[in-house]
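Structural features, examined
Take a look at the letters that make up each chain.
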Amino acid sequence: LAAFGSSRFVIKGSLAGAAVYVAYDQGLLGSGAQGAEALKKARAALPPAIHEWTSYVGWEVRAARTNALPSTPKFDFSLSDSWNKGVQTVMSALSAAPSTACEYTAEGWKYVKELVK
């Protein structure tokens, strides 16, 4: 049972590490200019990838008969605003973490004391 829990931890840690590495490698963790460049690359790569995926799944055949293939999604958002909001959210959660941990610990102790009685 302990090996199963530790293997899940290793798998999750590996996935998180890989995600951070890919974000760093693509320039998402660099300056704003690097992030904007990465977004331009994603915008350029997304429509061909969607087209390839829909043809693989077989939607293209059905769309050829009905001429109703949906248009590719448009991404129109500010990368800097999204980044800043994410940083603010993370910092807010980190600043509240000690008091929240204390509250959960106190509630846990109350629960355990009630079970022992």
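One numbering rule holds for all chains: residues counted from 1, following each sequence as written. Local features in this predicted model are restricted to residues of pLDDT 70 or higher, and side-chain atom pairs are both shown and tallied only at a pLDDT of 80 or more, whereas totals for entire chains, interfaces and linings draw on every residue. Side-chain metrics in this entry use all non-hydrogen atoms of the structure; hydrogen atoms and water are not considered.

Looking at an unreviewed UniProt entry, one finds the protein named MICOS complex subunit MIC13, with Ardeotis kori as its source organism. UniProt positions are given in the numbering used here, feature names are shortened, and annotations may be inferred rather than shown by experiment. What UniProt states about the protein under its Function (unreviewed entry) heading is, verbatim, "Component of the MICOS complex, a large protein complex of the mitochondrial inner membrane that plays crucial roles in the maintenance of crista junctions, inner membrane architecture, and formation of contact sites to the outer membrane." Entered under Subunit (unreviewed entry) in the UniProt record, the comment concerning the protein runs "Component of the mitochondrial contact site and cristae organizing system (MICOS) complex."

1. With respect to the overall build of the protein
Within the protein, the secondary structure is distributed over 4 helices and 0 strands. Moving toward the C terminus, one meets the helices and strands of the protein in the order α-α-α-α. Remark: exposure states derive from per-residue accessible area (1.4 Å probe, protein chains only) relative to the maximum for the residue type, with buried under 20%, exposed over 50%, and partly exposed in between. Expressed as a percentage of its 117 residues, the buried residues of the protein come to 6%. Using the Shrake-Rupley algorithm and a 1.4 Å probe, accessible areas are obtained, with residue cover drawn only from the displayed protein chains. A total accessible area of about 10000 Å² is found for the protein, and carbon and sulfur atoms account for 66% of it. Strands here are runs of E lasting at least two residues and helices are runs of H or I lasting at least four, both read from the DSSP assignment and numbered beginning at the N terminus.

2. A short note on the environment of Leu28
With respect to the helices and strands, the residue Leu28 is situated in the loop between helix H1 (2–25) and helix H2 (32–57). It is 6.6 Å that separates the C-alpha atoms of Leu28 and Ala38, two residues lying 10 residues apart in sequence. Contacts are assigned to residue pairs with any non-hydrogen atoms lying within 4.5 Å of each other. Setting aside residues up to four positions removed in sequence, Leu28 forms contacts with Ala23, Gly35, Ala38 and Trp83.

3. Quick notes on the confidence of the model for the protein
With 78% of its residues at a pLDDT of at least 70, the protein reaches an overall mean of 77. Across the protein, the element-wise mean pLDDT spans from 48 in helix H3 (residues 59–66) up to 87 in helix H4 (residues 79–116). Known as pLDDT, the predictor's confidence for each residue is given on a scale from 0 to 100. Predicted confidence is poor over residues 61–66, with pLDDT under 50, and the contacts of this stretch with residues over four places away or in other chains come to 2 contacts.

4. Observations regarding a nonpolar patch on the surface
Note that patches include only residues with greater than 30% relative accessible area and no salt bridge, and the join distances are 9 Å for like charges and 5 Å for nonpolar side chains (Val, Leu, Ile, Met, Phe, Trp, Tyr). A side-chain nitrogen of Lys or Arg and a carboxyl oxygen of Asp or Glu constitute a salt bridge if their distance falls within 4 Å. Side chains of Val20, Tyr24, Leu28, Leu29, Trp83, Val87, Val90, Met91 and Leu94 sit close together on the surface and give an oily, nonpolar patch of about 890 Å² of accessible area. Put simply, the parts of the chain that give the nonpolar patch at least two residues each are H1 and H4. The element that contributes the greatest number of residues to the nonpolar patch is H4, accounting for 5 residues. Taking the relative accessible area as the measure of exposure, Val87 reaches 35% and is therefore partly exposed.

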